[in-house]
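One-letter residues, chain by chain:
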Amino acid sequence: MKILGIESSCDETAASVLEYDGNGYKVCSDIVASQIEMHARYGGVVPEIASRAHCEAVTGITEKALSEANITLKELDCIAVTAYPGLIGALLVGVNFAKSLAYANNIPLVAVDHIRGHIAANYLTQKTEYPFIAFVASGGHTSVVLVSGRDKHKVIGGTRDDAMGECFDKVARVMGMPYPGGAAMDKLAYEGKPEIQFPSAAIHGDTLDFSFSGIKTAVLNYLNSQNQQGKEINRANVASSFVSAAVGSVIKKLTLAIDMYPCVKGIALAGGVAANSHLRTEVGELCKKNRIALYMPELRYCGDNAAMIAAEGALEFEKKNFAPLSLNADASRWEN
Ligand code: KG4
Ligand code: ZN
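For every chain, the first residue of the written sequence is number 1, and numbering continues from 1 along that sequence. Written order decides the labels, with chains lettered from A and ligands numbered from 1. Only residues with pLDDT of at least 70 are given local features in this predicted model, and only at 80 or more are side-chain atom pairs given and counted; all residues enter the totals for whole chains, interfaces and linings. Where side-chain values are given, they derive from all heavy atoms of the structure, hydrogens and water being excluded.

### Let's talk about the packing of helix H7 (residues 213-228) against helix H8 (residues 235-260)
Line of reasoning, step 1. The geometry of H7 relative to H8 is characterised by a closest axis approach of 11 Å and an angle of 165° between their N-to-C directions. Comparing their axes, H8 and H7 come out roughly antiparallel. Viewed along their axes, H7 and H8 form a crossing whose handedness is right-handed. Contact residues: H7 offers Ile215, Val219, Tyr222 and Leu223, while H8 offers Val238, Phe242, Ala245, Ala246 and Ser249.
Line of reasoning, step 2. Residues are grouped as follows: Ala, Val, Leu, Ile, Met, Phe, Trp, Tyr, Cys and Pro are nonpolar; Asp, Glu, Lys and Arg are charged; all remaining types, including Gly, are polar. A class-by-class count of the residues in the contact of H7 with H8 yields eight nonpolar, one polar and no charged. For helices, the axis comes from a line fit to the C-alpha atoms of the stretch in contact; other axes are also lines fit to C-alpha atoms, and the angle between any two N-to-C directions lies between 0 and 180 degrees. Secondary structure elements follow DSSP: runs of H or I no shorter than four residues count as helices, runs of E no shorter than two count as strands, and numbering proceeds from the N terminus. Should an angle lie under 35 degrees it is considered roughly parallel, over 145 roughly antiparallel, and from 65 to 115 roughly perpendicular; all remaining angles are considered oblique. Handedness of each helix crossing follows the sense of rotation of the near helix against the far helix: counterclockwise by less than a right angle gives left-handed, clockwise gives right-handed. The contact criterion used is simple: two residues touch if any of their non-hydrogen atoms lie within 4.5 Å.

Structure, rendered in structure tokens:
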């Protein structure tokens, strides 16, 4: 089958054509228009600007995805669109565009959950064995999910406050890096030493939950205190210490998760933060130590994209879970 994915939940307008033969996926096109430059000067995503930019981009991006895949609308078996969770105005652009396209061309429509889409990014280029634990971390979400089958997800942990990516971006911002600072922080951390003690984000005890707001505040307090005392700040050491504390917290909870669910055959990373090189390396070592598999999307499928939405959409299509034309977007709903 040929499926068109459309993604507009935050600050990327994306469209992709995917072929699925019931076994594997072939990405025929994968177009992403990032709005980062528009939001960078405000230090974060401005929802109103995001919605307007999606409106301007969505038609052209979709045409490009179809032409790069060398396919016409008539040849599509399905249209999959991110319907939740995300910024409501941004989601509505993609949802209404997809509904119109589906209606006008008589193509079945399916609604896709963005977080499940991030997990599905893992299926695009590798085979996975169930059950596995997915650690999904993006700018808006951080969850630990037990994935026992292609359609069997159970949330077993997550953040109680800030998302991991949000934490990276906020710390990066106070250190003068442009939005979104996660990737720059990743790089800078290699130039320093983890000499400063920042608190763990892993919540104490037998839970798989995190609190990333504590690390963020600790870094801010450290920077303020150094400034007030007129002391020089070694930015690379701050970055290295922060990344080490943040990644160390994830390792701590994933170690506990493996203890709690000894049946798991692997750990999958997903979401924008899955691009973090320190996280990829350390989770890799954890998996090696426990003799389980490490699954990671290719870097280009970690951040928001529509190939992952089409991949999850293929499952909804197989389940015949078609969306009605009354489909609405939902900012907070998350199916698991
Ligand atoms: O999944 P995504 O593209 O969008 C959301 O659904 O939120 O994730 C974006 C997040 C941002 O917070 C960004 O700073 C973070 O992923 N990110 C990183 C890295 N690359 C992107 N965080 C840490 N290290 C990276 N290399
Ligand atoms: Zn995302």
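### Remarks on the layout of surface pockets
Line of reasoning, step 1. In this analysis, the protein atoms alone were mapped onto a 1 Å grid. Cavities are point sets where a 1.4 Å probe fits without being able to get out; pockets are open sets with protein on both sides within 12 Å along at least five of seven lines; lining residues have an atom within 4 Å of a point. Grid points are joined across faces, edges and corners, and a volume is the space filled by probe spheres set on the points. One number sums up the size of the largest pocket: a volume of about 1,100 Å³.
Line of reasoning, step 2. Around the largest pocket, the lining comprises 40 residues; the ones closest to its centre are Ser138, Gly139, Asp169, Tyr179 and Pro180.
Line of reasoning, step 3. Secondary-structure elements contributing two or more residues to the lining of the largest pocket are helix H4 (114-120), helix H5 (164-174) and helix H6 (182-188).
Line of reasoning, step 4. Of the residues forming the lining of the largest pocket, the biggest block, six residues, is contributed by H5.
Line of reasoning, step 5. Grouping the amino acids of the lining of the largest pocket by side-chain chemistry returns 15 nonpolar, 16 polar and nine charged.
Line of reasoning, step 6. Taken as a whole, the second largest pocket encloses approximately 220 Å³ of empty space.
Line of reasoning, step 7. Tyr20, Asn23, Gly24, Tyr25, Tyr123, Leu124, Thr125, Gln126, Lys127, Thr128, Tyr130 and Arg150 together form the lining of the second largest pocket.

### Let's talk about the coordination of the zinc ion (ligand 2)
Line of reasoning, step 1. Protein coordination at the zinc ion (ligand 2): the donors are His114 (NE2), His118 (NE2) and Asp304 (OD), at 2.0 to 2.1 Å from the metal.
Line of reasoning, step 2. Counted as coordinating are nitrogen, oxygen and sulfur atoms within 2.8 Å of the metal, or 3.2 Å for Na, K and Ca, while water is not included, which may make sites look incomplete. Irregular is the default label, applied whenever a site is not tetrahedral (four donors, all angles between 85 and 135 degrees) and neither square planar nor octahedral (four or six donors, opposite donors over 155 degrees apart, all other angles between 65 and 115). Each of the four donor atoms bound to the zinc ion (ligand 2) contributes to angles spanning 94 to 142°, and the resulting shape is irregular.
Line of reasoning, step 3. All donors of the zinc ion (ligand 2) come from a single chain, and their spacing in sequence reads H-x3-H-x185-D. With His118 in helix H4 and Asp304 in the loop between strand E10 (293-295) and helix H10 (307-318), the pair connects residues that are 186 residues apart, well separated along the chain.
Line of reasoning, step 4. Buried, partly exposed and exposed residues are distinguished by accessible area as a fraction of the type maximum, computed with a 1.4 Å probe on protein chains only: under 20%, between the cut-offs, and over 50%, respectively. A relative accessible area of 1% places His118 in the buried class.

### Focus: the packing of aromatic side chains
Line of reasoning, step 1. Geometry of aromatic contacts follows a simple scheme: Phe, Tyr and Trp rings, the Trp one being its six-membered ring, pair when their centres are within 6.5 Å, and the pair is stacked under 30 degrees between planes, edge-to-face over 60, tilted otherwise. Taken as a whole and assessed by the stated rule, the structure comprises nine aromatic pairs.
Line of reasoning, step 2. Note on Tyr130 and Phe132: the rings are 5.6 Å apart at their centroids and 20° apart in plane angle, and the pair reads as stacked.
Line of reasoning, step 3. Here Phe132 falls in the buried class, since its relative accessible area comes to 0%.
Line of reasoning, step 4. One aromatic cluster is present, formed by Tyr123, Tyr130, Phe132 and Tyr295 through successive ring pairs.

### Side note on the sheet that holds strand E7 (residues 142-149)
Line of reasoning, step 1. Two strands are counted as paired when DSSP detects at least two bridges linking them. Taken in spatial order, the five strands line up as E8-E7-E6-E9-E10 in an open sheet, and their pairing is mixed. Whereas interior strands pair on both sides, the edge strands pair on one side only; in this sheet they are strand E8 (152-158) and E10. Averaged over all adjacent pairs, the angle separating strand axes in this sheet is 25°, with direction ignored.
Line of reasoning, step 2. Bridge analysis of strand E6 (residues 132-137) against strand E9 (residues 266-270) gives five bridges, and the strand direction is parallel. Across the sheet, residue Ala134 finds its bridge partner in E9, namely Ala268.
Line of reasoning, step 3. With respect to the sheet, H8 is in contact with E6 and E9, its orientation differing from that of E6 by roughly 155°.

### A closer look at the site of ligand 1
Line of reasoning, step 1. For this purpose, a residue is taken to be near a molecule or strand whenever a single non-hydrogen atom of the residue falls within 4 Å of it. Near ligand 1 there are 19 residues, and of these Gly139, Asp169, Asp186, Gly272 and Asn276 occur at the shortest range.
Line of reasoning, step 2. Two N or O atoms count as a polar contact when they lie within 3.5 Å, although within protein this holds only if one can serve as hydrogen donor and the other as acceptor, and sequence-adjacent residues are included solely when both atoms are side-chain atoms. His118 is positioned such that a nitrogen or oxygen atom in its side chain is 3.1 Å from an oxygen atom of ligand 1.
Line of reasoning, step 3. Residue burial considers only the protein chains on display, and all accessible areas are found by Shrake-Rupley using a 1.4 Å probe. Surface burial for ligand 1 is 87%, taken as the share of its 560 Å² of free accessible area covered by protein chains.
Line of reasoning, step 4. Put simply, ligand 1 lies in the largest pocket.
Line of reasoning, step 5. Looking at the shell around ligand 1, the elements that each hand over two or more residues are H4, H5 and H6. To qualify as sitting in a cavity or pocket, a molecule needs more than half of its atoms within 2 Å of the grid points.

### Section: the sheet that holds strand E3 (residues 25-34)
To summarise the sheet geometry, strands pair through backbone hydrogen bonds and adopt either a parallel or an antiparallel arrangement.
Line of reasoning, step 1. A sheet is described by the order of its strands in space; here five strands give the open sequence E3-E2-E1-E4-E5, paired in mixed fashion. Edge positions in the sheet fall to E3 and strand E5 (109-113), since each of these pairs with one other strand and no more. Taken over all neighbouring pairs, the strand axes of this sheet differ in orientation by 20° on average, direction set aside.
Line of reasoning, step 2. In terms of strand pairing, strand E2 (residues 12-20) meets E3 through nine bridges, oriented antiparallel.

Just geometry here; none of it tells us what the structure is for.
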